[in-house]
Structures are given as structure tokens and as C-alpha cells.
Amino acid sequence: MTPPASGRGHDRRAWPVLLALAVALALAGAALRAARFRTDLADLLPQADTPAARFMLRELRAGAANRLILIGIDGVPAPRLAALSRALAARLAASGAFALVRDGSTPLLGSPAARFLFAHRYLLAPGVDRAAFTRAALRRDAKAVLAGLQSAASPLVARYGLRDPTGAGLALARAWSGGSRIRARDGVWMVARRGGGPRALILAETRAGGIDLHAGSRAVARIRADFAALAPPGARLALGGTAVLSDAAERVVRADVTRISVLSALAVTLLLVWRFRSPVAIAAILVPLALGVAVATALAQAWAGSVQGMAFGFGMTMLGVSVDYPVLFIGHRKAGETPAATFRRIGQAFTLAVLAALLGLSGMLAAPLPAIAALGGIALTGLAVAALATWLVLPPLVVAAGLAPVGFGDTAILGRVEGWRRFRWLGLAVVAGCGLFLAVSGGPRWATDLAALSPVPRPVLAEDAALRAAVGVPDAGQLGLVRGNNAEAVLVAEERLAPVLAKLRAAGAMASVTDAAQLLPSLATQRARQAALPPAAVLARRMAAATAGLGFRAGAFAPFLADVAAARLAAPVTPQRLRDPVLAARLAPLLLRRGRHWYGLIAPSGVTHPHRVAAALRAHGVLYVDVAAESARLVTRATVASLHLLAWGGLAALAVLLVGLRDPWRVARVAGAVLAALVVAVATLTLLGVRVSLLQVVALQLAAGVGIDYALFFARAQADAEERARTLRTLITCNAMTLMTFGLLATARTPLLRQIGLTVVIGAAAAMIAGFLFAGPRRAEPEPGDRSA
């Protein structure tokens, strides 16, 4: 048995290791402090390859709707809810952190937005034509006003009906409210919540885009803090919007990573303490890891000017595998042996394992997702530096501290373990069964929606969807896109499409549709409506005749006559005149200026025949975007591209093995073991009902990387039982560290992290078993010219 390398007798020689670790940690700390971390969720979006995809992804990254935060409050009676809503809105508005805060507490005519729309109702409202101002039509409207004055709604009719008997203001309000379920109650916006009870709603607009995680997180934190300071017992806050989703993803991922990092570090430390019986050995093992973190972080910052935060977090988890390198070196070292002698025994396997792993992961650099490409850069740099540090920096430290592993025990144990290889046939049967299962079931189930790449918890997504539905955000499942050189061209084109859309609604192909022209007619339409307004004298005579005998006092409709006269002379409304934040927020998602062009979004809802809608729109030159189908296509394309890159990386690794080992049979054993592990891993995931996402492909690449390590070391020609025992116990240590780290990741609350952890655990366990069964020789094979046998 190899004597333990405990700290006794080595205390005076531990200082070089501790000094090296201090320097490495200082470099890592300096690199982390100098790095500017970028937490942009848009980096999880694939690269676009069509006009539809480019527009969709551009709006996901920088659309105007990204700045909106939807705030819902419930849990207390309506009167207290209204008071809380007003107080919170006032506090948020006073903070200066928001460009807009609205809660409906401003009366209709007191609101700048409402005043503007009401003043321009005869230019903007649908149904304004000559027929609406005939004597018969005005008589009908006057009778409706009279009936309203005699009803319970008398105060409201007295306020608005006499000034707008044609109902143009009400029609315009309906158009601008869309499918919103919001109603004014107790002076604020409220909506009936599913499950009972009212919910007050507040609309806030951040000054930065919602995809800007830091700014969005500060805005969300401000809302939560102000609500906590004001809320009575029982009141509950619900938030929606891009900033909220980004903040939720960041908080949940950070909490998971922090918890898992602490537990993983503790578990791995305890394992290494048990394995090496020396705190100094643990310090030595951490030196290559710290140097890898330092160089990977600094290089990422220097290359891109920032470090992708999510890629860094996952990259650090991947770099945890680099601990295998110093463990392999120290674990194979004999007591008192020179580093050169150790590397003569393991150098070939060690070098080939590093090269194969780097080549296998190199395809990530060309991945179609920026976050994956950034992850590839961090992982490749960190692994390469850790391997070089193990080869160049670690040997003198290990010699100075006299580090070597604790013995495995009686070689009889090794004999019993190696005897399990007689069950290779059972392993082959399992692999064949997994392959047959995949062939019969049609292969793995792929996750083809962008949501599969999202770390946002599902309850947060559900709350966001409920708030968006409450405020009437149109269904974004299908979108038509009209392009023009200016806003007027877009509005004219949308008006020409109105008959087409009406036919689709009449045929039942869709329930409704929203576009910018419904809110802001073209200048030609506004001028036509102005021309339909009768001169003041004509309208006065018609109104007098229409109200004759109905009992209205003289001058009752004077405000109506004045408003029509003003509308005849009013300047047309353009997008530039809609400066009020409420109006701009409603129009901005439907009428967009991007570069030199303007775009109009046509948003149908309740679509029952998408192919019919798409054909009708495309026939009139409209770019049609099926968001779900386009997202699935982009993710599928990115996944296929990543699989191709993985395959090319695997072929490059195979070429390195052929050149390095110069033994086709040994190469076949190594490659077969890795391939068997991947087949078992994919089949197990499929059997568990897991849909394989693009990030899980990355996880399988990592599993393949550790599988190459295991297979190469098992495939080494090892002359004696002591060396085989040394390899077995070292690989068991490496595998246990991987299973601990990623097993804890499989307990994460974030579904994405949980599935990545599960994938690596299954893959690493399968790789260990497959490497032992298939890569190991049937009997001891002396290495030709091995001087250390």
C-alpha cells in the first residue's frame, strides 16, 4: 500500500503549494474584478437566417414592449386595493426610475392621453362619415342620449353624451383598449382575477430596455421594495414583462448556482480529503483550476469586451471537470517518484485525453447561439490552461510537498472488481437494447421551442401571461409584417388590407385582428373624415331639427357643435404627435421604425386556419411570421448545426487518437466506450420523457469529454496490479466528483439547469461503466519499452 501523504512531516514543505494557490487565487480574483459581466438573455437566441426570423429576434431583443412592466396587486378588498394602487403608483412615479407610471387614477378627461384622443375623435374614430351627420342619424343619437339621461348612467351621459352624441369617442376608446379586460373601479384600473377577487393593475415603463438585465433588475427591485413598504397584510404583488422575466431568471439561476457551488465544493473537498488525506493535496489540486478561471475570464473580457454571465456560470461548472487533471496526476504518482517518471506512465493517455476533449468541445466556438459560443471559449481556455498548469506548474509543488495518494488496499479487491468485466456481454446487450429502443421510437425527443432554452421558472411565465392577457396584449402566435419607407406608407398599406382581413374574420379563419391603422388612420383617411364633417351652420340646423320635441334645453349640444367645428380645422394626427407615454406605449408595438424603414405589425388572434391567413397576407405582399413555427425552425436548425459540430469535433478527436495511439484496436475500444455511453445516455433521457434541448447537447459533449478521459486511462497498457489499482481508484475519484457536482445541479429549481445536471450525471455514469467494461484490456498488456513497470 502506498503510504498516506498526510500533512505530518510535510508542514515545512507545504508553503510552496500554499503560495502558488494564493497567487492563482489572486489572479483569478483580479480577473473577476476586472471583468464586465453581461447578462443579456438575447444571447440565448439563435442567429436568424430569414427576414421573418431577423425581425422576430430583433424585436425580442430591442422591441418597445420590452420596456413595459405590468404590475398586479390583489389579496385585499377593492377599496383598500385602490388606495394601495394609487399609493404605489405615486411612489414609483416620484422615484424617477420610470419613464411612465399609470394606474387609471386620472379621470378620463383629466388624462392627457384621453384628452388628446377625445379632442381628435372625429379624425381617428371608425365610422366617421357623412351618414353619421345626417338629420336621421343625429335624431337617433339624440334619442339614445335622452334614454341615457333617464337611466342610472345619467351622470356619465350628461358628462360625455351631450358632447359626443355620435359615440365617436366611445368607439375610439374601444379601438385603443383592444382586448383589455381592464375596468375602472374605485378610481383605478382593475380586472377580475380567475379564481375570484379583483386585481388592481399598474403600467410602468422603464427607461432602459427589458433585455438590459441590470437596469431591469433595479426597476423590479424598486417596485418590490416600495410595495413591501406600503402593503397591508394579505396583499400580494404580481409582476410581468421582459424585465421581470429576465430578473426572475437571473435570481433563480444565481440562487441555484450559489447553493450548488457551496454544496459541491464541500462534497468534493470531503471526497478529496478522504482520498488524499492531506489539505495540502487539495490546495495543489486547486491551483490549475484557479489558473484556468483566471485566464479564461481575462481572455473572454479581452476578446469581447465583456463576459457573458450565463456562459460564465455554466463554464465554471464545466471547468470543475478540469480538477480531474491534477487528480489524475497526483493519483497516479508513486510515493517518492519523480514527475517525469509519472508522466512517462500516464503522459500519452493524459495528453490524448486533453487534446481529444478540446477538439470535441471546439465546435462550440462556432455554435449558432452567442451564449454557447462564449461558453465554448471559456471552457476550452480554462481546460487548456488547467491541463498545462498540471503538466508544468503542479509537478514541482507536488514534489516539494511529497504528495501521493493513499493506497487502494489488497489487490484481491482489484481482482474481484476486474472480474466484473466478464459481464461485458451484458453491457453490450444493454447498449444494443438502447440503440434498438431509439431506432424503434424514432430517436430522442427534441425540444424545438425557445422556451426550452429559457431559465425563467414556469410560475413566473404563467403570471406574466395572465397579466398580458388582462391588459389585452394581442396574441403573438402569428404576425403579419408590412414594410414602408415611412409611417404613412405603412398605414395606407394596412388600410388596403382591411377588406382582406374582414373576409378572413367573416370566414372564421380568425376571430379578430389588431393593427396600427385601427388606432391611427392614414393622413388620407383623416382628411376624408374631416371632409365628411358638416360646416358649423349646417350641423347646427340639423341638430336643431333632430332634437326638436325631445325636451333638450337650448344649447345642450353646444359643446358637440364646437368640437366638430374644431375638428374640421385640426391638423392630422401623426405618430410624432402621439407623445403621451400611454399612447406611445400602445402604438409602439404595432408601428415601428427600424433603421431607414417603418414596419407595421398585423396581429391576428383566435386563428383557426393559419395556412389560409398566411396565404391571404402573402398574396398581398405581407411578410407572414408564424412565431411558434419560426422559433421551432430556428432552434431545430441551431440544434442540427450543433450536432454537426459535435460530430466534426468527434471525428477530429478520433483522428488524434489514431495518430497518438497507433493502435486501431485500442482506438476502437476507446471510441466504442464513448459511443456506447452516449447511446445509453440519450436512450435513458428519452425513456424518462426528457426533451433534449440545445444546451443538453452541450451537456452530452461534456459527458463525451469525461468519457474519453476514462476510456483512455482504462485502455492504457498497464503492467501490474498496483498500476491498474492506481488507475481504477483515480478514475473512481474523478467520476465521483463529476457525479457529485452535476448530481447537485440536477436538484436545481431551474428546469434548464436541472436537465443539464441530469444529462451529465447519466452520461458520466454511463461513461465510467462503459470505459471499464469496453475500453479496458482483457488482461494486463505490458507497454512496449515501459521502464516503470
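Residues numbered from 1 in each chain as written. Predicted model: local features only at pLDDT ≥ 70, side-chain atom pairs only at ≥ 80, totals over all residues. Heavy atoms only, no water.

1. Description of helix α26 (residues 610-619)
Heads up, the condition is: Burial status follows relative accessibility: with a 1.4 Å probe on protein chains alone, a residue under 20% of its type maximum counts as buried, one over 50% as exposed, and anything between as partly exposed. Put simply, DSSP H or I for four residues or longer makes a helix, DSSP E for two residues or longer makes a strand, and each gets a number counted from the N terminus. The directions from the helix axis to the C-beta atoms are what the arc is built from. Contacts between residues were defined by any pair of non-hydrogen atoms, one from each residue, lying within 4.5 Å.
Looking at α26, one finds that the buried residues are Val613, Ala614, Ala616 and Leu617. End-on, the buried residues of α26 take up no more than an arc of 165 degrees, which puts them together on one face. Summarising the geometry of α26, the exposed residues directed more than 90 degrees from the buried face are His611, Arg618 and Ala619. Residues of α26 that are buried make contact with β9 (478-484), α20 (487-506) and β13 (623-626). Just downstream of α26, Gly621 is the residue with a positive phi angle, here 75 degrees.

2. So, empty space enclosed by the protein
Using the following cut-off: A cavity, in this analysis, means grid points on a 1 Å lattice covering only the protein atoms where a 1.4 Å probe fits yet has no way out; a pocket is instead an open set bounded by protein on both sides within 12 Å along at least five of seven lines, and a residue lines either one if it has an atom within 4 Å of a point. Grid points are joined across faces, edges and corners, and a volume is the space filled by probe spheres set on the points. Under the grouping applied here, Gly and all other residues not named as nonpolar or charged are polar, the nonpolar ones being Ala, Val, Leu, Ile, Met, Phe, Trp, Tyr, Cys and Pro and the charged ones Asp, Glu, Lys and Arg.
Per the counting criterion, the structure on display carries two cavities of 30 Å³ or more. Here the largest cavity defines a volume of roughly 70 Å³. Every residue lining the largest cavity is listed: Val321, Tyr325, Ala357, Leu361, Leu383, Gln701, Leu702, Gly705, Val706 and Asp709. Elements that contribute at least two residues to the lining of the largest cavity include exactly α14 (339-362) and α29 (694-714). It is α29 that provides the largest number of residues to the lining of the largest cavity, a total of five residues. When the residues that make up the lining of the largest cavity are grouped by side-chain class, the tally is seven nonpolar, two polar and one charged. Its volume calculated, the second largest cavity comes out at about 50 Å³. Contributing to the lining of the second largest cavity are Gly363, Met364, Ala367, Ile372, Ser642, Leu645, Leu646, Val698 and Gln701.

3. Notes on the pattern of salt bridges
Once the charged atoms of two side chains with opposite charge are near each other, the side chains can pair. In plain terms, the rule: Salt bridge criterion: a side-chain nitrogen from Lys or Arg within 4 Å of a carboxyl oxygen from Asp or Glu.
For the structure on display, the rule yields 15 salt bridges. For the salt bridge of Asp74 with Arg236, the shortest nitrogen-to-oxygen distance reads 3.2 Å. Note that Asp74 is positioned in strand β2 (residues 68-74) and Arg236 in strand β7 (residues 236-240), a separation of 162 residues in sequence. On the basis of relative accessible area, Arg236 is assigned to the partly exposed category, the value being 35%. The shortest N-O distance in the salt bridge between Arg163 and Asp563 comes to 2.7 Å. Within this pair, whereas Arg163 is found in the loop between α7 (154-161) and α8 (168-177), its partner Asp563 is found in helix α24 (residues 558-569), the two being separated by 400 residues in sequence. Residue Arg163 is classed as partly exposed on the basis of its relative accessible area, which comes to 30%. For Asp563, a relative accessible area of 15% translates into the label buried. If you follow the salt bridges from partner to partner, you end up with Glu337, Arg345, Arg716, Glu722, Glu723 and Arg726 in one network.

4. Things to note about unusual backbone geometry
Despite not being glycine, Arg662 shows a phi value in the positive range, around 55 degrees. Residue position: Arg662 is located in the loop between α27 (627-661) and α28 (664-687). Residue classification places Arg662 among the exposed positions, given a relative accessible area of 74%.

5. Quick word on the pairing of β2
What counts, and what does not: The pairing criterion is simple: DSSP has to find at least two bridges between the two strands.
Most of β2 sits inside the fold, with seven of its seven residues counted as buried. Every second residue of β2 is oriented toward a common face, with Leu68, Leu70, Gly72 and Asp74 on one face and Ile69, Ile71 and Ile73 on the other, all of them buried. The pairing of β2 with strand β6 (residues 198-206) spans six bridges and is classified as antiparallel. Directly across from Ile69, in β6, lies its bridge partner Ala204. The sheet contact formed by β2 and β7 spans five bridges and is antiparallel. In the sheet register, Asp74 faces β7, and the bridge partner there is Arg236.

6. Here's the deal with the side chain of Arg529
Here is the rule: Between N or O atoms, a polar contact is any pair within 3.5 Å; within protein, one atom must be a potential hydrogen donor and the other a potential acceptor, and residues adjacent in sequence are included only when both atoms are from side chains.
Inspection of the secondary structure puts Arg529 in helix α22 (residues 523-532). Here the side chain of Arg529 touches Leu123 through a polar contact of 3.1 Å, landing on its backbone oxygen. If near-sequence neighbours (up to four positions away) are discounted, Arg529 is found in contact with Tyr122, Leu123, Leu124, Ala125, Pro126, Val128 and Pro521.

7. Points about the packing of aromatic side chains
What describes a pair of aromatic rings is the distance from one ring centre to the other and the angle between the planes of the rings. Our working rule: A pair of aromatic rings is counted whenever rings of Phe, Tyr or Trp (Trp by its six-membered ring) have centres within 6.5 Å, and the orientation is called stacked for planes under 30 degrees apart, edge-to-face for over 60 and tilted otherwise. A positively charged side chain is recorded as over a ring if its NZ (Lys) or CZ (Arg) lies within 6 Å of the ring centre. The angle to the ring normal must also be within 35 degrees.
Under the definition given, this model contains 10 aromatic pairs. A ring pair is formed by Phe350 and Trp391, whose centres lie 5.9 Å apart and whose planes are at 40 degrees; its orientation type is tilted. With a gap of 41 residues between them, Phe350 in helix α14 and Trp391 in helix α15 (residues 370-392) connect regions that are remote in the sequence. Its relative accessible area of 3% is what places Phe350 among the buried residues. For Trp391, a relative accessible area of 34% corresponds to the partly exposed category. Through a chain of ring-to-ring contacts, the aromatic side chains of Tyr325, Phe329, Phe343, Phe350 and Trp391 assemble into a single cluster. In this arrangement the basic side chain of Arg121 is found over the ring face of Phe118, its NZ or CZ atom lying 4.0 Å from the centre. Above the ring of Phe772, the side-chain terminus of Arg421 is found at 4.3 Å from the ring centroid.

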